[in-house]
Amino acid sequence: EAAAKRIITFCPELDQVLGGGIASGQITEFCGVPGVGKTQLGIQLAVDVQIPEAFGGLAGSAVYIDTEGSFMVERAVEIADACCRHLQRSAANSGDQAKQQSASALSRDSMLANIHYFRVRDHVEQLAALQTLPNFLQQHPQVRLIVIDSITFHFRQDFQDMALRTRILAQMAQQLMQLAEDRDVAVVLMNQVTTKISGDDQTRLVPALGDSWAHAATSRVILFWQDQTRCAFIYKSPYLPARTAQFHITPEGVRG
Ligand code: GTP
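A brief look at the structure comes next.

About the thresholds
- Residues numbered from 1 in each chain as written.
- Predicted model: local features only at pLDDT ≥ 70, side-chain atom pairs only at ≥ 80, totals over all residues.
- Heavy atoms only, no water.
- Helix = DSSP H or I, 4+ residues; strand = E, 2+ residues; numbered from the N terminus.
- Buried < 20%, exposed > 50% of the residue type's maximum accessible area, 1.4 Å probe, protein only.
- Lys, Arg positive; Asp, Glu negative; His and termini not counted.
- Salt bridge = Lys/Arg side-chain N within 4 Å of Asp/Glu carboxyl O.
- Polar contact = N/O pair within 3.5 Å; in protein donor to acceptor, adjacent residues only side chain to side chain.
- Contact = heavy atoms within 4.5 Å.
- Core = buried A, V, L, I, M, F, W, Y, C linked by side-chain atoms within 4.5 Å.
- Phe/Tyr/Trp six-rings, centres within 6.5 Å; stacked < 30°, edge-to-face > 60°.
- Lys NZ or Arg CZ within 6 Å of the ring centre and 35° of its normal.
- Near = heavy atom within 4 Å.
- Areas by Shrake-Rupley, 256 points an atom, 1.4 Å probe, with all protein chains shown as cover.
- Nonpolar A, V, L, I, M, F, W, Y, C, P; charged D, E, K, R; others polar.
- Axes fitted to C-alpha atoms, helices over the stretch in contact; angles between N-to-C directions.
- Parallel < 35°, antiparallel > 145°, perpendicular 65-115°, else oblique.
- Left-handed = near helix turned anticlockwise from the far one by under 90°.

**As for the side chain of Arg144**
- Of note, Arg144 is situated in strand β6 (residues 143-149).
- Nearest to the buried, unbridged Arg144 among oppositely charged side chains is Asp184, at 5.2 Å.
- One polar contact links the side chain of Arg144 to the main-chain carbonyl oxygen of Asp184, over a distance of 3.2 Å.
- Leave out the neighbours within four places in its chain, and Arg144 touches Ile7, Val49, Leu58, Gly60, Ser61, Arg183, Asp184, Val185 and Ala186.

Quick look at the structure:
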């Protein structure tokens, strides 16, 4: 896993606990309460995946599957602008020609064009979108990231038939893992949490969607509040230690 290509973020501490960034070829799931920043992080990653190779990035593009309608173009513009500014400044200061060339090619418009946006309004559309992805990725080989924000939404609202839900979730998990592995893309899933009171009266945040879904992602990260600060905790991973990173949401986007 250490050899996986990774999407670097503007949050060094987060990159560090993730083993160097968001891994390609794997599924990373972020779980957290409303407002903790899942959508902000999703938009940020769709920009971060485009960071040029001269800066240690993947120079890729992103597929963004929006199930909640929470993606905001104005916010993506802000985050893309901030990323361009940051890289152009850093290139100018470095005197590195490769950096200067790749940074000057970046623009808000190219960054937005490299976010392939799909809005899915119910679980049937969600499944249909996943079915089209293998073809889409074949036609768009630059795609290095798939974000689904959130995986949960249509399965909490519509679902009475739990057996069907379990079957669909298992199928989605398998499709997503196959996409991640076959095309070496990073799959990032946003999930909600439920609050459980444990035996010692402590409240614990538990990812939604139940026990069988718990195996869907390679790594699970819980986003939570500690006092006034946002934190990301490695909750489950076959290779990452259980560490916590702090992050902030600023006008520029998600930062360390
Ligand atoms: P749900 O979608 O409700 O589950 O929440 P979420 O975890 O996706 O939260 P989201 O990413 O929407 O984060 C919401 C928080 O991000 C807000 O409370 C703000 O603190 C911050 N935020 C959202 N938009 C902006 C923005 O344009 N500028 C800044 N500085 N912060 C923002």
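We are not done yet, so read on.
**Observations concerning the nonpolar core**
- Counting residues in hydrophobic clusters, the biggest one holds 45 residues, and the most contacted among them are Phe30 and Leu145.
- Top element by residues in this core is helix α3 (residues 73-94). It accounts for seven residues.
- In contact with Phe30, other than residues within four places in its own chain, are Ile22, Lys38, Leu41, Leu45, Val188, Leu189, Met190, Asn191, Val221 and Leu223.
- The next biggest cluster of nonpolar side chains, apart from the first, holds 31 residues, and it includes Leu137, Ile151, Phe159 and Leu209.

**Quick look at the packing of aromatic side chains**
- This structure, assessed with the given rule, holds four aromatic pairs.
- Clustering of aromatic rings is evident, with ring pairs tying together Tyr64, Phe71 and Tyr117.
- Lying across the ring of Phe10, Arg255 places its NZ or CZ 4.4 Å from the centre.

**So, the pattern of salt bridges**
- One pass over the structure, following the stated rule, counts four salt bridges.
- Taking the shortest distance from any N to any O, the salt bridge between Lys5 and Asp184 comes out at 3.1 Å. Pair noted here: Lys5 is in the segment before β1 (6-7) and Asp184 is in the loop between α8 (162-183) and β7 (186-191), with a separation of 179 residues, a long-range link.
- Owing to a relative accessible area of 27%, Asp184 belongs among the partly exposed residues under this scheme.

**Re the site of the ligand**
- Of all residues adjacent to the ligand, which total 15 residues, the nearest are Gly35, Gly37, Lys38, Thr39 and Gln40.
- With respect to the ligand, the backbone of Gly37 contributes an N or O atom lying 3.0 Å from an oxygen atom.
- Contacts to the ligand include Gln40, whose backbone N or O atom sits 2.8 Å from an oxygen atom.
- In isolation the ligand exposes 660 Å². Once the protein is present, 64% of that is buried.
- Counting only elements with at least two residues in the shell around the ligand, the list comes to α2 (38-48), α3 and β12 (244-250).
- Residue contributions to the shell around the ligand peak at three residues, all from α2.
- Taken together, the residues of the shell around the ligand sort by class into five nonpolar, five polar and five charged.

**Brief notes about the packing of α3 against helix α4 (residues 97-104)**
- Running from N to C, α3 and α4 cross one another at 155°; their axes reach a closest spacing of 8 Å. The orientation of α3 relative to α4 falls into the category roughly antiparallel. Where α3 crosses over α4, the two elements pack in a sense that is left-handed. Between α3, through Leu87, Gln88, Ala91, Ala92 and Ser94, and α4, the contact on the second element is made entirely by Lys99, Gln100, Ala103 and Ser104.
- A class-by-class count of the residues in the contact of α3 with α4 yields four nonpolar, four polar and one charged.

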